[in-house]
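# Chains, contacts and geometry: an overview
Residues per chain, in single letters:
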Amino acid sequence: MSFKLRQQKTPLFDGLRQHIKGHPVQFHIPGHKHGNGMDPEFKQFIGPNALAIDLINIEPLDDLHHPDGIIKEAQELAAEAFGADHTFFSIQGTSGAIMTMIMTVCSPGEKILVPRNVHKSIMSAIIFSGATPIFIHPELDEQLGISHGITVTSVKRALQAHPEAKGLLVINPTYFGISANLKEIVQLAHSYDMPVLVDEAHGAHIHFNDNLPLSAMQAGADMAATSVHKLGGSLTQSSVLNIQGTRISPLRVQSIISMLTTTSTSYILLASLDTARRHLVLEGKQLIDQTIELALTARKEINHILGLSCPGEEILDDNAIYDYDPTKLIISVKELNISGYEVEKWLREHANIEVELSDLYNILCILTSGDSREEVGHLVKALKQLSDTFYTGELSLSNHVHTQVPHMPTLALSPRDAFYSETEIVRLKDAAGRISAEFLMIYPPGIPIFIPGEIIEQENLDYIHKNLEAGLPVQGPEDPSLQYIRVIKERKAIL
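Residues numbered from 1 in each chain as written. Predicted model: local features only at pLDDT ≥ 70, side-chain atom pairs only at ≥ 80, totals over all residues. Heavy atoms only, no water.

### Digging into the pairing of strand 12 (residues 328–332)
This is how the line gets drawn: Only protein chains enter the accessibility calculation, which uses a 1.4 Å probe; a residue is then buried when its area is under 20% of its type maximum, exposed when over 50%, and partly exposed in between. A run of H or I in DSSP counts as a helix once it spans at least four residues, and a run of E counts as a strand once it spans at least two, with each numbered from the N terminus. In this scheme, strands are said to pair when DSSP sees at least two bridges between them.
Across the five residues of strand 12, five count as buried, placing the element largely inside the fold. Residue alternation in strand 12 divides its side chains into two sets, Lys 328, Ile 330 and Ser 332 and Leu 329 and Ile 331, and both sets are buried. Where strand 12 lies against strand 14 (residues 362–366), five bridges are found, and the strand directions are antiparallel. In the strand pairing of strand 14, Lys 328 is matched with Ile 366.

What follows is the structure in structure tokens.
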């Protein structure tokens, strides 16, 4: 059977529909029993089909923890689609898949090489595993005020300094759609026989179109956690973990992902992964081509709006900005003399538009095959109105508006040791010089400014304050008011 013919199959989705056709009398959970035991208004809103396939791992429907039936077949088709040797479905999102990757390769005390601009889930996995992170400084973009990826040169230095590390983790692409030279980075790590783990949360679609950056599997990486729900068409919280080669044991991966996965697995989410894979294989290239064309048109129009800029291929280099995903629209608003967060609120209130994220200097809009020319036209029109409202031209003679990015703090303790240490609470404004026992980040994108074990620096406290003043969603500490932070308790001499 040919590849395309095999990929037309959806064994998991078909198996669910076949099962409910028989109208089995269910004396098992979920207790809503096709919606008959739930709130009627919610039942009517959700609809009978979704409620009918909200089932559990009874024998005819296989078991995600020990797949040997329709789930196994669906995962095998997904592996073939993504160019992997094995694929595991994750209903704990990509966060669960990332934790599985790190816990597969690292034991307590072992080192892992990671960029500092990683998602919170990676640092959580490092705490769970007890690994020690060796941070690689990402390239900073002072024009946009964001971090990109890591360079081949920085990876080479890290490998030379820490050849005993158990793995190298790479973000590909970043939240903003930027990719490093992943293929060369993988080859370099493999020369040390070191597995490469890829946070591919924002790259589910890139494997299915040659006009996008290389996917993790195409670049030869050993493992990749891929958010199919973000840009691949499945339901929120559904992702895949792809592995290839001989450096990673699929049996070990199955054991760890089972430890992190609920035993009450959602068949609605699993079925959405099965059908999203089919859609990506059969229609993905054409649909992504159309999305790229739409994005390039939007980028060109936005770059003609006074006070706004939307970078594209002109920013590419041979280092951290090796390639980019044009369907991500990074829109710099710094010349409007307002923050990205203020732009986000203005678009919400004046144009009924919701963006992916905002920061001090930018907004990010993502385009997918679910967008139309009319919707993108509405965005461009709203941005023109935004410019008419806020652009004064006062910055037109300036080549550069100063941007601020977080400084990379010094790691004084392993994140696990810091997380479980004896702690005390101090005022955030007075915390400079102390060792953090908590995360502190702006979400989205969820990249920590401080992690447990890092020394809190005044420069980053100032950056946090700037974000708070702008109204951006700073979060992480136990104290929701962000007045206090938990730090490692200092032991003073007894007099």
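### Some points on the pattern of salt bridges
Opposite charge on two side chains permits them to pair, given that their charged atoms come into close proximity. Under the convention used in this document: Salt bridges are defined by distance alone: a side-chain nitrogen of Lys or Arg within 4 Å of a carboxyl oxygen of Asp or Glu.
Evaluated as defined, the whole model comprises 18 salt bridges. Among the ionic pairs, Arg 6 bridges to Glu 80, the shortest N-O distance being 2.2 Å. Of this pair, Arg 6 sits in helix 1 (residues 3–7) while Glu 80 sits in helix 5 (residues 70–82); the two residues are 74 residues apart in sequence, bridging distant segments of the chain. Look at Glu 80 and you get partly exposed, because its relative accessible area is 26%. Arg 247 is paired through a salt bridge with Asp 222; the nearest N and O atoms lie 3.5 Å apart.

### Regarding the packing of helix 13 (residues 267–302) against helix 15 (residues 373–390)
Note the following rule: A fitted line through C-alpha atoms serves as each axis, taken over the contacting stretch for helices, and the angle formed by two N-to-C directions is quoted from 0 to 180°. The labels follow the angle: roughly parallel below 35 degrees, roughly antiparallel above 145, roughly perpendicular from 65 to 115, and oblique for the rest. Each helix crossing is assigned a hand: it is left-handed if the near helix lies turned anticlockwise from the far helix by less than a right angle, otherwise right-handed if that turn is clockwise. Whether two residues are in contact is decided by their heavy atoms, any of which lying within 4.5 Å being enough. For this classification, Asp, Glu, Lys and Arg are treated as charged, while Ala, Val, Leu, Ile, Met, Phe, Trp, Tyr, Cys and Pro are nonpolar and the rest, including Gly, are polar.
Two elements in contact, helix 13 and helix 15, have axes whose closest approach is 10 Å; the angle formed by their N-to-C orientations is 15°. In terms of their interaxial angle, helix 13 and helix 15 are classed as roughly parallel. Handedness of the crossing formed by helix 13 with helix 15: right-handed. Between helix 13 and helix 15, the contacting residues are Glu 293, Leu 294, Ala 298, Glu 301 and Ile 302 on the first element and Arg 373, Val 376, Val 380 and Leu 383 on the second. The class makeup of the residues in the contact of helix 13 with helix 15 is six nonpolar, no polar and three charged.

### Examining the packing of aromatic side chains
The condition is simple: Aromatic rings from Phe, Tyr and Trp, with only the six-membered ring used for Trp, were paired whenever their centres fell within 6.5 Å, and each pair was classed as stacked if the ring planes differed by under 30 degrees, edge-to-face if by over 60, and tilted otherwise. Ring-over charges, as used throughout, are those where CZ of Arg or NZ of Lys falls within 6 Å of the ring centre and within 35 degrees of the ring normal.
Counted under the stated rule, the structure contains four aromatic pairs. Their ring planes at 45° and their centres at 6.3 Å tell us that Tyr 175 and Phe 176 sit as a pair that is tilted. Considered together, Tyr 175 and Phe 176 belong to a single accessibility category, that of buried residues. Ring centres of Trp 346 and Phe 390 lie 6.3 Å apart, and the angle between their planes is 75°; on these two criteria the pair is classed as edge-to-face. Placement of the pair is Trp 346 in helix 14 (residues 340–351) and Phe 390 in helix 15, with a sequence separation of 44 residues. A cation sits over an aromatic face here: Arg 116 above Phe 135, 5.4 Å from the ring centre.

### A few points about the sheet that holds strand 13 (residues 357–358)
One open sheet holds the three strands; their spatial order is 12-14-13, and the pairing between them is antiparallel. Of all the strands in the sheet, just strand 12 and strand 13 have a single pairing partner and so form its edges. The sheet contacts of helix 14 involve strand 13 and strand 14, and relative to strand 14 the element is tilted by about 50°.

### With respect to helix 13
Put simply, the rule is: In this scheme, a helix's expected span is set at 1.5 Å multiplied by one less than its residue total. Note that the bend at a residue is defined as the angle between axes fitted to the seven residues ending at it and the seven residues starting at it.
Across its 36 residues, helix 13 extends only 41 Å between first and last C-alpha, which sits more than 12% below the 52 Å expected from 1.5 Å per residue. Residue Glu 283 marks the point of greatest curvature in helix 13, where the axis turns by about 70°.

### Let's talk about helix 12 (residues 250–259)
Burial in helix 12 covers these residues: Val 253, Gln 254, Ile 256, Ile 257 and Ser 258. Where helix 12 is buried, its residues touch strand 1 (86–90), helix 6 (93–105), strand 9 (223–226) and strand 10 (239–243).

### Details of the sheet that holds strand 17 (residues 447–450)
The pairing of strands in a sheet comes from backbone hydrogen bonds and takes either a parallel or an antiparallel form. With respect to topology, three strands assemble into an open sheet ordered 17-16-18, the strand pairing being antiparallel. The open sheet is flanked by strand 17 and strand 18 (474–475), the only strands paired with a single partner. Here strand 16 (residues 440–442) pairs with strand 17 via three bridges, running antiparallel. Each bridged residue has a counterpart across the sheet, and for Ile 442 the counterpart in strand 17 is Ile 447. Along the sheet, helix 17 (residues 458–470) contacts strand 16, strand 17 and strand 18; its crossing angle with strand 17, the most-contacted strand, is approximately 125°.

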